[in-house]
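# Examining the three-dimensional arrangement
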Amino acid sequence: FDNRDQMVRTAVRTITLQVYRVGDPLVRRFVLQHAAESYFSELAFYLRDLWLRMDVAAEGAQEQRQFVAIEREHELQVDLLIYLSDVFELGV
């Protein structure tokens, strides 16, 4: 989720969503346990840092290029929140 390349981020999200759909209860529990221990924690920290960066940028934004940077961060935020919504829809 923290790669500069949009295609890599999309691939990681697609793969994780497919893995979370695994039908076998034991395999699913194993995957989700490890995801909860590391992946989702890191994702939460990344979102926190993203929001802090957006807050700092918004406080000091006065020029068009600064607003463009905020918009880019906002798009990252929206992508991650949509991904999390997809995860929650799976009942994870």
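Our structure's up above, just so we're on the same page.
Attention here is on the structure that accompanies the text. (Residues numbered from 1 in each chain as written. Predicted model: local features only at pLDDT ≥ 70, side-chain atom pairs only at ≥ 80, totals over all residues. Heavy atoms only, no water.)

Moving on to helix H2 (residues 25-60). For H2, spanning 36 residues, the distance from its first C-alpha to its last is 49 Å, which sits close to the expected 52 Å at 1.5 Å a residue. When the local axis directions of H2 are compared, the greatest deviation, roughly 50°, occurs at Ala36. For H2, the complete set of buried residues consists of Val31, Leu32, Ala35, Tyr39, Leu43, Tyr46, Leu47, Leu50 and Met54. On its buried face, H2 sits against helix H1 (6-20) and helix H3 (64-89). (Helix = DSSP H or I, 4+ residues; strand = E, 2+ residues; numbered from the N terminus. Expected span 1.5 Å × (residues − 1). Bend = angle between axes of the 7 residues up to and from the residue. Buried < 20%, exposed > 50% of the residue type's maximum accessible area, 1.4 Å probe, protein only. Contact = heavy atoms within 4.5 Å.)

Here we come to the packing of aromatic side chains. Enumeration according to the criterion identifies 2 aromatic pairs in this entry. Arranged with centres 5.8 Å apart and planes meeting at 35°, the rings of Tyr20 and Phe40 form a pair that is tilted. Separated by 20 residues along the polypeptide, Tyr20 in helix H1 and Phe40 in helix H2 bring together distant segments of the chain. Residue classification places Phe40 among the partly exposed residues on the basis of a relative accessible area of 22%. The rings of Tyr20, Tyr39 and Phe40 are connected pair by pair, giving a single aromatic cluster. (Phe/Tyr/Trp six-rings, centres within 6.5 Å; stacked < 30°, edge-to-face > 60°.)

Topologically, Arg9 is positioned in helix H1. Summary of buried charges: Arg9 has no salt-bridge partner, and the nearest side chain of opposite charge, Asp79, is 5.0 Å away. Apart from residues lying up to four places away in sequence, Arg9 is in contact with Phe1, Asn3, Arg4 and Leu76. (Lys, Arg positive; Asp, Glu negative; His and termini not counted. Salt bridge = Lys/Arg side-chain N within 4 Å of Asp/Glu carboxyl O.)

A word on H3. The terminal C-alpha atoms of H3, which comprises 26 residues, lie 37 Å apart, in line with the 38 Å expected from a rise of 1.5 Å per residue. For H3, the full list of buried residues reads Ile70, Glu73, Leu76, Gln77, Leu80, Tyr83, Leu84 and Val87. Summarising the contacts, the buried residues of H3 are in contact with H1 and H2. One or two residues past the end of H3 sits Gly91, with phi positive at roughly 80°.

On to the packing of H1 against H2, then. At a closest axis distance of 10 Å, the pairing of H1 and H2 adopts a crossing angle of 140°. In this view, H1 runs oblique relative to H2, as classed from their interaxial angle. Judged by residue contacts, Val12, Thr16, Val19 and Tyr20 of H1 engage Arg28, Val31, Leu32, Ala35, Tyr39 and Phe40 from H2. (Axes fitted to C-alpha atoms, helices over the stretch in contact; angles between N-to-C directions. Parallel < 35°, antiparallel > 145°, perpendicular 65-115°, else oblique.)

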